[in-house]
Amino acid sequence: MAIPRIVLFGATGFTGRLTAEALVARGARPLLAGRDQTRLTALADALGGGLPIAVADVCRPESVRRIVAPGDVLISTVGPFVRWGEAAIAAATEAGAVYFDTTGEPTFVKRIFQRHGPAAAARGAALVTAFGYDYVPGNLAAALALRKAGPGAVRVDVGYFVEGGTARRASAGTRASALGMVLEPMYGFREGRIVPEHGRTRKFLVDGRVRHGLSIGASEHFTLPPAHPGLREVNVYLGWLGGLTRVAGVLAKATPVIAALPGVRRATEALADRVLRTGGAGAPAGAGMSSSVVAEAYDAGGRRLAVVHLTGGDPYEFTAGVLAWAATTALAEGVRGTGALGPVDAFGLDALTRGCAEVGMTVRG
């Protein structure tokens, strides 16, 4: 039987390359996979030579299935995931492999938990979606806040905030995924169930500053309630838009109407394709780039019981680092369960805390 290995699908993209570098820095020798053999060879050479490569393309799903074997750890960085993510999911499920991806797309996250999770469990596969800055730190911060709050907690709010050159740093893949998300339905978790969500905003106090966040569908809505049976409400907010957040909230309320207009979705997809063709890689990380994640737990009367802050640096560097930590850990030790899993489900709260700290995301309270 073949020795299990790490397969990095989408290795020559912006996030894929950062992840490849992080894996090699940890002593791993991943199989680098993607559409272009010339670029794969160049990447393998740049990483010291000798790394295996394989050509695989989502437009030929059988080519993706061929590179994944039982016991393997598959990392997919091929997005937008709503359009291109199914081939990797199918390959991992069929092989009974461990799967990670870097999606931040709410619709794809929901699809993993509601559609693909049961099939993966039946085949002994583990699907750990959104394993990057979206949405590992929020899962960690919320789980720590809920542990700190105790059984009286019925609601948890999570906020993500980034400072310093966010727009300049964003890769073409990130921008294309964001365009794809514009018209997708959002969701929250209220009264013990997933519900539609459009345009909710709230304020957080971060390092003495008031920061605004816009609600978004995330993995926390699916991962936290099963682990905390008393939890009745989960809210996740992105605060990357600064003062424009409240305006974006008003526009988000109109999303269902806009999405129903003829030709709008097709035009958005065409624009996303153009971004992917011409956008290029993100700018190098700046020294001033930082990230903060806040989780607050509340009781039934609205009293705040606990707050946890995580602080880190560049979100892309964190994503690459935490993927490399997760993949090497999963290859050596496995993960805790099958089917669709959250970060805490897969590794345990204490191990995940240590893993995030290793790659620069630390707990402050």
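Provided above is the structure to which this section pertains.
This structure is a prediction, so every number in the text was calculated from the model and none was measured. (Residues numbered from 1 in each chain as written. Predicted model: local features only at pLDDT ≥ 70, side-chain atom pairs only at ≥ 80, totals over all residues. Heavy atoms only, no water.)

> A description of the nonpolar core should follow, citing residues and the corresponding values.
Among the nonpolar cores identified, the biggest contains 77 residues, and Leu32, Phe100 and Phe131 are the most heavily contacted of them. Residue contacts for Leu32: discarding those within four places in its chain leaves Leu8, Ala11, Ala20, Leu40, Leu43, Ala44, Leu47, Leu51, Pro52, Ile53 and Ala54. (Core = buried A, V, L, I, M, F, W, Y, C linked by side-chain atoms within 4.5 Å. Buried < 20%, exposed > 50% of the residue type's maximum accessible area, 1.4 Å probe, protein only. Contact = heavy atoms within 4.5 Å.)

> Could you give an account of the packing of aromatic side chains, naming the residues involved and the relevant values?
Overall, the coordinates contain 12 aromatic pairs when judged by the stated rule. Ring centres 5.5 Å apart and planes at 65 degrees place the aromatic pair Tyr187 and Phe222 in the edge-to-face group. One end of the pair, Tyr187, is in strand β8 (residues 186–190); the other, Phe222, is in helix α10 (residues 220–227), and 35 residues separate them in sequence. We note that Tyr187, like Phe222, is buried. Between Trp325 and Phe347, the aromatic rings sit 4.8 Å apart at their centres with planes inclined by 50 degrees, giving tilted as the arrangement. Of this pair, Trp325 sits in helix α14 (residues 315–333) while Phe347 is found in helix α15 (residues 343–347), placing the two residues 22 residues apart along the sequence. Site record: aromatic cluster; members linked through ring pairs are Phe100, Phe131, Trp325 and Phe347. The ring of Tyr298 has Arg155 lying over it, and the distance from NZ or CZ to the ring centre is 4.1 Å. The ring of Phe204 has Arg202 sitting right over it, with the charged end atom 3.8 Å from the ring centre. (Phe/Tyr/Trp six-rings, centres within 6.5 Å; stacked < 30°, edge-to-face > 60°. Helix = DSSP H or I, 4+ residues; strand = E, 2+ residues; numbered from the N terminus. Lys NZ or Arg CZ within 6 Å of the ring centre and 35° of its normal.)

> Run through helix α2 (residues 37–46), naming residues and quoting values.
All of the buried residues along α2 are Leu40, Leu43 and Ala44. On an axial view of α2, the arc spanned by its buried residues comes to 100 degrees, and they lie on one face. Away from the buried face of α2 by more than 90 degrees, exposed residues Thr38, Asp45 and Ala46 are located. The inward-facing, buried residues of α2 abut α1 (14–25), β2 (31–34) and β3 (53–55). Just downstream of α2, Gly48 is the residue with a positive phi angle, here 110 degrees. (Arc of directions from axis to C-beta.)

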